[in-house]
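Report on the structure
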Amino acid sequence: MNIDLRGAMRTFATGVCVMTTYLDEATGRRHDGLTVNSLTSVSLDPPMVSVCLRHDSAFLADLLKTKVWALSILDVGAADIASEFAKSRDVRAAVLRTVSATPGKRTGALVLDSPGWLECRLQTHLPAGDHVIAIGDVVATGTQKRRPPLVFLNGAYQAIT
Ligand SMILES: Cc1cc2nc3c(=O)[nH]c(=O)nc-3n(C[C@H](O)[C@H](O)[C@H](O)COP(=O)(O)O)c2cc1C
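What you see is a predicted model; the values in this text were computed from it and never measured. (Residues numbered from 1 in each chain as written. Predicted model: local features only at pLDDT ≥ 70, side-chain atom pairs only at ≥ 80, totals over all residues. Heavy atoms only, no water.)

**Remarks on the overall build of the protein chain**
- Tallying secondary structure elements over the protein chain gives four helices and 12 strands in all.
- In terms of overall size, the protein chain behaves like a compact globule, its C-alpha atoms giving a radius of gyration of 15 Å where 161 residues would be expected to give roughly 15 Å.
- Principal-axis analysis of the C-alpha atoms gives the protein chain an extent of 50 × 35 × 35 Å.
- The proportion of buried residues among the 161 residues of the protein chain is 40%. (Helix = DSSP H or I, 4+ residues; strand = E, 2+ residues; numbered from the N terminus. Rg over C-alpha atoms; globule rule 2.2 N^0.38 Å. Buried < 20%, exposed > 50% of the residue type's maximum accessible area, 1.4 Å probe, protein only.)

**What to know about the pairing of strand β4 (residues 40-44)**
- Here β4 runs beside strand β5 (residues 47-54); their pairing, made up of four bridges, is antiparallel. Note that in β5 the partner of Thr-40 across the bridge is Ser-50.
- From the end of β4 to the start of β5, which pair antiparallel, there are two residues. (Pairing = 2+ DSSP bridges.)

**Quick word on the environment of Asp-130**
- Looking at the secondary structure, you find Asp-130 in the loop between β9 (116-128) and β10 (131-143).
- It is 18 Å that separates the C-alpha atoms of Asp-130 and Ala-86, two residues lying 44 residues apart in sequence.
- Contact partners of Asp-130, with chain neighbours within four places excluded, come to Arg-54 and His-55.
- Only 2.8 Å separates the side chain of Asp-130 from the side chain of His-131, close enough to count as a polar contact. (Contact = heavy atoms within 4.5 Å. Polar contact = N/O pair within 3.5 Å; in protein donor to acceptor, adjacent residues only side chain to side chain.)

**Re the site of the ligand**
- Lining the immediate surroundings of the ligand are 16 residues, of which Thr-35, Ser-38, Cys-52, Ser-57 and Arg-92 lie closest.
- Between Thr-35 and the ligand, the recorded distance is 2.8 Å, taken from a backbone N or O atom to an oxygen atom.
- Phe-59 places a main-chain nitrogen or oxygen 3.1 Å from an oxygen atom of the ligand.
- When the ligand is considered free in solution it has 630 Å² of accessible area, and contact with the protein chains removes 80% of it. (Near = heavy atom within 4 Å. Areas by Shrake-Rupley, 256 points an atom, 1.4 Å probe, with all protein chains shown as cover.)

**Let's talk about the sheet that holds strand β12 (residues 156-159)**
- What the three strands build is an open sheet, ordered β1-β11-β12; its pairing is antiparallel. The two strands at the open ends of the sheet, each matched to only one other strand, are β1 (14-15) and β12.
- Pairing between β1 and strand β11 (residues 150-153): two bridges, direction antiparallel. Within β11, the position partnered with Gly-15 by the bridge is Val-151.

**Section: the packing of aromatic side chains**
- Across all of its chains, the model carries one aromatic pair by this definition.
- Relative to Tyr-157, the ring of Phe-152 lies with its centre 5.3 Å away and its plane at 55°, an arrangement referred to as tilted.
- Its relative accessible area of 29% is what places Tyr-157 among the partly exposed residues. (Phe/Tyr/Trp six-rings, centres within 6.5 Å; stacked < 30°, edge-to-face > 60°.)

**As for unusual backbone geometry**
- A cis amide bond links Asp-45 with the next residue in sequence, Pro-46, at an omega value of 5°.
- Residue position: Pro-46 is located in the loop between β4 and β5.
- At Lys-67, a position not held by glycine, the phi torsion is positive, near 70°.
- Among the structural elements, Lys-67 can be located in the loop between α2 (58-66) and β6 (68-73).

This is how it looks when you write it as structure tokens:
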């Protein structure tokens, strides 16, 4: 049987997040941000979420050392931001310096000005094929009134109408 997971999953509409973490280096704190749509709410009590990251991801390597991250859920006006945070690490670092973002109070990971955000602390991680599932305790959340969320469907950013 022909397995076309990518083709099937294209029909599954998701929200879009910018996930942030950082690494403390001799020269200071180096932040990174990544576009992800694999966010899943895992448990409400205690509050936990999961995100799947490519196993060879530079972002994942930082995350496994620092053990914290933030997730900012993007609104419909943030398609350009989503595109930029899916590019190379250098591009992402430059974009991160231009977006409106503040360090989360519980983790220090950058939180973007967005309709909803979470701060997470790594609980566990497990390899799964070519990805790693990072499961985190949610240590802070926030919401604010904004435009409708950005949706990813059929390989493109979409607006809910
Ligand atoms: C809409 C969208 C959703 C994405 N979701 C994920 C995701 O859930 N996990 C992931 O590892 N990469 C995801 N990516 C790809 C990353 O944003 C990025 O291109 C890549 O993983 C960078 O890896 P690096 O840390 O090695 O530089 C997504 C890209 C797009 C455009």
